[in-house]
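Geometric and topological summary
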Amino acid sequence: MPAVGGFDMGTGKAYPGNLTLYVTVTCVVAATGGLIFGYDIGISGGVTSMGPFLNKFFPSVYEKEALDKSTNQYCKFDSETLTLFTSSLYLAALAASLVASKVTRKFGRKLSMLVGGVLFCAGAIINGFAKAVWMLILGRILLGFGIGFANQSVPLYLSEMAPYKYRGALNIGFQLSITIGILVANILNYFFAKIKGGWGWRLSLGGAVVPALIITVGSLVLPDTPNSMIERGQHDEAKTKLIRIRGVDDVDEEFNDLVAASEASKLVEHPWRNLMQRKYRPHLTMAILIPFFQQLTGINVINFYAPVLFKTIGFHDDASLMSAVITGGVLVVATFVSIYGVDKWGRRFLFLEGGTQMIICQIIVATCIGVKFGVDGEPGNLPKWYAAVVVLFICIYVAGFAWSWGPLGWLVPSEIFPLEIRSAAQSVNVSVNMFFTFLIAQVFLNMLCHMKFGLFLFFAFFVFVMSIFIYFFLPETKGIPIEEMSEIWKRHWFWSRYVGADSYNNSLEMAKENHPVKNV
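Residues numbered from 1 in each chain as written. Predicted model: local features only at pLDDT ≥ 70, side-chain atom pairs only at ≥ 80, totals over all residues. Heavy atoms only, no water.

1. Observations regarding the overall build of the protein chain
Note the cut-off: Comment: elements are numbered from the N terminus, with helices defined as DSSP H or I runs of at least four residues and strands as E runs of at least two. For each residue, the accessible area found with a 1.4 Å probe, counting protein chains only, is set against the maximum for its type, and the residue is called buried under 20%, exposed over 50%, and partly exposed in between. Two residues qualify as a contact provided that any one of their heavy atoms is within 4.5 Å of a heavy atom in the partner residue. Residue-level accessible areas treat just the shown protein chains as cover; the underlying method is Shrake-Rupley with a 1.4 Å probe.
The helix and strand tally for the protein chain stands at 25 helices and zero strands. Scored against the burial criterion, the 520 residues of the protein chain give a buried share of 60%. Taking all contacts inside the protein chain whose residues are at least 6 apart in sequence as the whole, residues at least 24 apart take part in 83%. In the structure as shown, the protein chain presents an accessible area of about 20000 Å², 66% of it carried by carbon and sulfur atoms.

In structure tokens, the structure reads:
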């Protein structure tokens, strides 16, 4: 047993199965659920910078920005009214994820995806036709509900459907869809902003209907996961489905383990209360700290400075587009690196390498910005080569995020939870993610105004802390069947004191004894 985190602690189980075309297509379709989250992230920032939109719904903010001739780059965009409009969606997503837990558990993952798509579609239509602020707020709430349901169900669906040897790569398809959604939204914002008459913002907001319809229609044609079917008592159908998605007939061992896990989960009457049990301490810790840390990587502060630096290089009025396209393109490309390497190099390697890369880049960028922008936020005559160097390190930072904390922040929590607490624990994961997304979005510009370039170092410190946490407390989950994940905690130097060999799988073993194969 390794002295620290645990680099590769296999369970000894190796379920037969292939990466079939059927399961690949299924996971690709399901992963498009990330498009609605990514599209909203990309659209929100662009729309709130459009003059006609601000003039119609936030005239006081529009007048303030139009009259503000200050060159202070730290405080120029500090507006709590706009950040509240943007970040309010995440509170709605937080609330929805709690409800989605019960829907996902009782009615299946695909129904939760369907509900998310329909709600997001409704919110997009209302926002596209908005005439008053209350319509915008109502639309944002519905969008948040849709994201809450989708983010609850899609990562679970992918982790359960994928063969364990390819689970990482297929699950990261969700993060890839998020990055594609961001990139597409940023490009559309640029062109829609040029429409004469100032109504392009309606197309940007209403355009969210497209990714919503993709996941809505997709959820109607997707099969449910064998785990979910067993959970709802459909054993015969589940075994038939498992044979098809694995591409082999010999699925008895995996199927029996799924049935046993399901029977054990039925013994749990209150999964939320169960989460507080000592044996689930590592799961609860990861469900809280991983999304918490993901929001403290500093990706927001990096993205904020990109337009200023790109404009300095010589892109002029196209600065915002070029910064969005280039950083968005880096996000997409680097996510493919994660898809390729996550099941080869492991989760821990990507976490630690990406964290180190982000720390170095944040320190360099903080130094460069501090030297030229100082404490008054006035860069003066900034040489193009100087800005180009900073932009290079911004792109290296974004790449590090895109193949580590970006995708793995969703992958790892979705694959470590046992079935009896899976839906409840995933709700905690999504809720924490949405809450701190809301909090960071709400206070970020104010923090930037007061902490100035020191904000880079603030986030660099947290990346250092989270990297230490990963090194010591997160065991490797590469190549471990999802229903055998308990073994990694029992062999871990720290978590084994909470997850003993006797305490963790008592209910699972009882379920296997009481429900042998003949009952299926």
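2. Looking at the packing of aromatic side chains
Rules: Any Phe, Tyr or Trp ring, taking Trp's six-membered ring, that has another such ring centre within 6.5 Å forms a pair; planes under 30 degrees apart are called stacked, those over 60 apart edge-to-face, and the others tilted. In this analysis the charged atom, NZ for Lys or CZ for Arg, is taken to sit over a ring once it is within 6 Å of the ring centre and within 35 degrees of the ring normal.
For the structure shown, the criterion picks out 27 aromatic pairs. Note on Tyr-190 and Phe-191: the rings are 5.2 Å apart at their centroids and 80 degrees apart in plane angle, and the pair reads as edge-to-face. Ring centres of Phe-458 and Phe-459 lie 5.3 Å apart, and the angle between their planes is 75 degrees; on these two criteria the pair is classed as edge-to-face. On the basis of relative accessible area, Phe-458 is assigned to the partly exposed category, the value being 27%. Looking at Phe-459, the relative accessible area reads 1%, which means it is buried. Taking NZ or CZ as reference, Lys-56 lies 5.7 Å from the ring centre of Phe-57, over its face. Looking at Arg-244, its charged tip hangs above the ring of Tyr-22, at a distance of 3.8 Å from the centre.

3. Brief notes about the packing of helix H19 (residues 347–373) against helix H21 (residues 405–416)
To be explicit about the condition: For helices, the fitted line uses only the C-alpha atoms of the stretch in contact; every axis is such a line through C-alpha atoms, and the angle between N-to-C directions lies from 0 to 180 degrees. By the definition adopted for this analysis, an angle is roughly parallel if under 35 degrees, roughly antiparallel if over 145, roughly perpendicular if from 65 to 115, and oblique otherwise. Should the near helix be turned counterclockwise from the far one by less than a right angle, the crossing is left-handed, whereas a clockwise turn marks it as right-handed. Under the grouping applied here, Gly and all other residues not named as nonpolar or charged are polar, the nonpolar ones being Ala, Val, Leu, Ile, Met, Phe, Trp, Tyr, Cys and Pro and the charged ones Asp, Glu, Lys and Arg.
Closest axis-to-axis distance for the H19/H21 pair is 10 Å, and the angle between their directions is 150 degrees. In terms of their interaxial angle, H19 and H21 are classed as roughly antiparallel. For the pair H19 and H21, the sense of crossing is left-handed. For the pair formed by H19 and H21, the contact residues are Arg-347, Leu-350, Phe-351 and Met-358 on the first element and Trp-405, Leu-408, Leu-411, Val-412 and Glu-415 on the second. For the contact of H19 with H21, the residue count by class is seven nonpolar, no polar and two charged.

4. What to know about the pattern of salt bridges
So the rule is basically this: Whenever a carboxyl oxygen of Asp or Glu lies within 4 Å of a side-chain nitrogen of Lys or Arg, that contact is scored as a salt bridge.
The tally for this structure, following the rule as stated, stands at twelve salt bridges. Arg-109 serves as the salt-bridge partner of Glu-231, at 3.2 Å between the closest nitrogen and oxygen. One end of the pair, Glu-231, is in helix H12 (residues 226–231); the other, Arg-109, is in helix H6 (residues 109–128), with 122 residues separating them in the sequence. For the salt bridge of Asp-343 with Arg-347, the shortest nitrogen-to-oxygen distance reads 2.9 Å.

5. A closer look at a nonpolar patch on the surface
Note the following rule: Note that patches include only residues with greater than 30% relative accessible area and no salt bridge, and the join distances are 9 Å for like charges and 5 Å for nonpolar side chains (Val, Leu, Ile, Met, Phe, Trp, Tyr).
Together, Leu-91, Phe-435, Leu-439 and Val-443 line one region of the surface with nonpolar side chains, adding up to about 280 Å² of accessible area. By residue number, the principal contributor to the nonpolar patch is helix H22 (residues 422–451), which donates three residues. By the secondary structure assignment, Leu-439 is in helix H22.

6. Some words on the environment of Gly-117
Residue placement: Gly-117 occurs in helix H6. Gly-117 gets classed as buried once you look at its relative accessible area, which sits at 0%. Sequence separation of Gly-117 and Ile-215 is 98 residues, and the distance between their C-alpha atoms is 5.7 Å. Excluding anything up to four places from it in sequence, Gly-117 contacts Ala-212, Ile-215 and Thr-216.

7. Regarding the nonpolar core
Applicable threshold: Side-chain atoms within 4.5 Å are what join buried Ala, Val, Leu, Ile, Met, Phe, Trp, Tyr and Cys residues into a set we call a nonpolar core.
In terms of nonpolar packing, the biggest core is built from 68 residues, with Met-286, Trp-405 and Leu-408 touching the most fellow members. Filtering out sequence-adjacent residues up to four positions away, Trp-405 remains in contact with Ile-290, Phe-293, Gln-294, Thr-297, Phe-351, Met-358, Met-466 and Ile-470. Of all hydrophobic cores here, the second largest spans 60 residues; its members include Leu-94, Ile-147, Ala-162 and Trp-410.

8. Looking at the side chain of Gln-426
Along the chain, Gln-426 turns up in helix H22. Beyond its immediate sequence surroundings of up to four residues, Gln-426 is in contact with Asn-151, Gln-152, Pro-155, Leu-156, Pro-413, Ser-414 and Phe-417.

9. A closer look at the confidence of the model for the protein chain
Test applied: For every residue, the pLDDT score states the predictor's confidence, bounded by 0 at the bottom and 100 at the top.
Residues at a pLDDT of 70 or more form 83% of the protein chain, whose mean pLDDT is 82. The least confident element of the protein chain, judged by mean pLDDT, is helix H25 (residues 506–514) at 47; the most confident is helix H23 (residues 454–473) at 94. Note on residues 504–520: pLDDT is under 50 here. Beyond four places in sequence and across chains, it has 29 contacts.

10. Quick notes on the side chain of Ser-431
Among the secondary structure elements, Ser-431 is positioned in helix H22. Under the relative-accessibility criterion, Ser-431 is labelled buried at 9%.

11. Things to note about the environment of Gly-346
With respect to the helices and strands, the residue Gly-346 is situated in the loop between helix H18 (319–341) and H19. The exposure class of Gly-346 is buried, given its relative accessible area of 0%. Sequence separation between Gly-346 and Lys-478 is 132 residues; the distance between their C-alpha atoms is 5.4 Å. Residues within four places of Gly-346 in sequence aside, it is in contact with Gly-341, Glu-476 and Lys-478.

12. Things to note about the environment of Glu-254
We apply this condition: Polar contact is the term for a pair of N or O atoms within 3.5 Å; when the atoms are in protein, one must be able to donate a hydrogen and the other to accept it, and sequence-neighboring residues count only if both atoms are side-chain atoms.
Within the element layout of this structure, Glu-254 appears in helix H14 (residues 252–266). For the pair Glu-254 and Glu-483, spaced 229 residues apart in sequence, the C-alpha separation works out to 8.5 Å. Residues in contact with Glu-254, not counting those within four places in the same chain, are Tyr-15, Pro-16, Leu-242 and Arg-246. Within polar-contact distance, the side chain of Glu-254 engages the side chain of Arg-246 at 3.0 Å.

13. Some remarks on H21
Our working definition: Helix span, as expected, comes to 1.5 Å for every residue beyond the first.
Its twelve residues place the ends of H21 16 Å apart at the C-alpha level, agreeing with the 16 Å of an ideal helix rising 1.5 Å per residue. Counted residue by residue, H21 has twelve buried out of twelve residues, so it is predominantly covered. Every buried residue of H21 is listed here: Trp-405, Gly-406, Pro-407, Leu-408, Gly-409, Trp-410, Leu-411, Val-412, Pro-413, Ser-414, Glu-415 and Ile-416.

14. Some words on the packing of helix H9 (residues 173–192) against H21
In contact at an axis separation of 8 Å, H9 and H21 are set at 135 degrees when each is read in the N-to-C sense. Taken together, the axes of H9 and H21 are oblique relative to one another. When the axes of H9 and H21 are compared, the crossing they make is right-handed. Touching Phe-174, Gln-175 and Ile-178 of H9 are Gly-406, Pro-407 and Trp-410, all from H21. Partitioned by chemical class, the residues of the contact of H9 with H21 number four nonpolar, two polar and no charged.

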